[in-house]
Amino acid sequence: MSFLEMLTPQNSAIALIDYQPAMFQGVQSHDRLVTMNNVQILAKAAKLFNIPTVLTTVAKDSFSGPFIPEVTELFPNHDIIDRTSMNSWLDPNFRKAVAATGRKKFVIAGLWTEACVIFPTLDMLREGYEIYIAADACGDLSPEAHERSMQRAIQAGAVPITSSQYAYELQQDWARSETYDGMMDIQKAHSPYGIQIRFSKWALGEHASEGGPAK
């Protein structure tokens, strides 16, 4: 395995951790709406490219509330793994779900960075996984809490990425028509780039495409 190898639909999987109301309440490192948009970019890209996806919550019924429906509705047949541990890797059902993907490259994002992201990151690195943290979809109690956690993860060997970067890395070429429209829908719904897409379609016609003229 190599960090120089691109993330693809065939070699990567994703774990989304603790996007729950109680956890969002504590986020002060990022605008929470930005975090909400970015986790949806990840989830919708995973759905579009058929990426193995692991969803997990902490204390769903007793404290933190359900995983946000904007994500779970994309995966109606998924079992959402509920835990008591801050560290997802301590939960046998999470470890089983990760192993079942058959992938060694894992994108991780969650709330909060200093616990629910960094803890499984360290354990999974130790177990031989390559970890890519979608930093702009994470959040923490303060900017410093997020940054120190990201620094620790990077020093341990994790790779920081962004949510749109992962989506673009999966697409690679705008001429891949089977996922082009889905990518455009994601960008229009959750990214400032959506403004440019709407303008170009208005100015040049709905046929306008980064993939070039229709063939």
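Above this text sits the structure in question.
Residues numbered from 1 in each chain as written. Predicted model: local features only at pLDDT ≥ 70, side-chain atom pairs only at ≥ 80, totals over all residues. Heavy atoms only, no water.

Asks: So what exactly am I meant to see when it comes to the overall build of the protein here?
Replies: For the protein, the count of helices and strands is 10 helices and 6 strands. Since a compact globule built from 215 residues should have a radius of gyration of about 17 Å, the 17 Å found for the protein is in line with a globular shape. The principal-axis extents of the C-alpha atoms in the protein amount to approximately 50 × 35 × 35 Å. Within the protein, buried positions represent 52% of all 215 residues. (Helix = DSSP H or I, 4+ residues; strand = E, 2+ residues; numbered from the N terminus. Rg over C-alpha atoms; globule rule 2.2 N^0.38 Å. Buried < 20%, exposed > 50% of the residue type's maximum accessible area, 1.4 Å probe, protein only.)

Asks: Would you mind showing me how to read the layout of surface pockets here?
Replies: One simple way to see leftover space: roll a probe sized like a water molecule over the atoms. In this structure, the second largest pocket occupies an estimated 180 Å³ of space. Lining the second largest pocket we find Pro-52, Thr-53, Val-54, Leu-55, His-78, Asp-79, Ile-81, Asn-93, Ala-97, Ala-100 and Thr-101. Taken together, the elements giving at least two residues each to the lining of the second largest pocket come down to strand 2 (53–58) and helix 5 (92–101). In terms of residue count, helix 5 provides more of the lining of the second largest pocket than any other element does, 4 residues in total. (1 Å grid on protein atoms, 1.4 Å probe; cavity = no way out; pocket = protein on both sides within 12 Å on 5 of 7 lines; lining within 4 Å. Points joined across faces, edges and corners; volume = space filled by probe spheres on them.)

Asks: Even after reading the chapter, I still don't get the sheet that holds strand 4 (residues 105–110), so can you show me in this structure?
Replies: Strand pairing within a sheet occurs via backbone hydrogen bonds; the two strands may be parallel or antiparallel. The strand order across the open sheet formed by 6 strands is 3-2-1-4-5-6, and the pairing between neighbours is parallel. Each end of this open sheet is capped by a strand with a single partner; those strands are strand 3 (81–83) and strand 6 (159–161). Taken pair by pair, the neighbouring strands of this sheet meet at an average axis angle of 25°, ignoring direction. Pairing of strand 1 (residues 12–17) with strand 2, which is carried by 4 bridges, proceeds in the parallel orientation. (Pairing = 2+ DSSP bridges. Axes fitted to C-alpha atoms, helices over the stretch in contact; angles between N-to-C directions.)

Asks: Just to check I follow, could you spell out the packing of helix 6 (residues 113–126) against helix 7 (residues 143–156) for this structure?
Replies: Taken N-terminus to C-terminus, the directions of helix 6 and helix 7 make an angle of 5°; their axes are 10 Å apart at the nearest point. One way to sum up the angle between helix 6 and helix 7 is to call them roughly parallel. Here Thr-113, Glu-114, Ile-118, Thr-121, Leu-122 and Leu-125 of helix 6 come into contact with helix 7, specifically with Ala-145, His-146, Ser-149, Met-150, Arg-152, Ala-153 and Ala-156. Looking at the contact of helix 6 with helix 7 residue by residue, the class counts come to 7 nonpolar, 4 polar and 2 charged. (Parallel < 35°, antiparallel > 145°, perpendicular 65-115°, else oblique. Contact = heavy atoms within 4.5 Å. Nonpolar A, V, L, I, M, F, W, Y, C, P; charged D, E, K, R; others polar.)

Asks: Explain helix 9 (residues 177–190) to me, please; I cannot follow it from the model alone.
Replies: Owing to its 3.6 residues per turn, the α-helix aligns residues three or four sequence positions apart on the same side. With 14 residues, helix 9 ought to run about 20 Å at 1.5 Å a step, and its terminal C-alpha atoms sit 20 Å apart, in line with that. Within helix 9, the full set of buried residues consists of Thr-179, Tyr-180, Met-183, Met-184, Ile-186, Gln-187 and His-190. With its buried residues spanning 160° around the axis, helix 9 presents them on a single face. In helix 9, the exposed positions angled more than 90 degrees off the buried face are occupied by Ser-177 and Asp-181. Buried residues belonging to helix 9 abut helix 2 (32–48), helix 8 (163–171) and helix 10 (193–204). (Expected span 1.5 Å × (residues − 1). Arc of directions from axis to C-beta.)

Asks: Just to check I follow, could you spell out the pairing of strand 5 (residues 130–134) for this structure?
Replies: The side chains of a regular strand alternate, first on one face of the sheet and then on the other. Counting buried positions over the 5 residues of strand 5 gives 5, a clear majority of the element. Note that strand 4 and strand 5 share 4 bridges and pair parallel. Directly across from Ile-108, in strand 5, lies its bridge partner Ile-133. Read as a crossover between parallel neighbours, the route from strand 4 over helix 6 to strand 5 is right-handed. Sheet topology places strand 5 next to strand 6; 3 bridges connect them, and they run parallel. In the sheet register, Ala-134 faces strand 6, and the bridge partner there is Ile-161. (Right-handed = clockwise from strand over helix to strand, strands pointing away.)

Worth remembering: the numbers are spatial, not functional.
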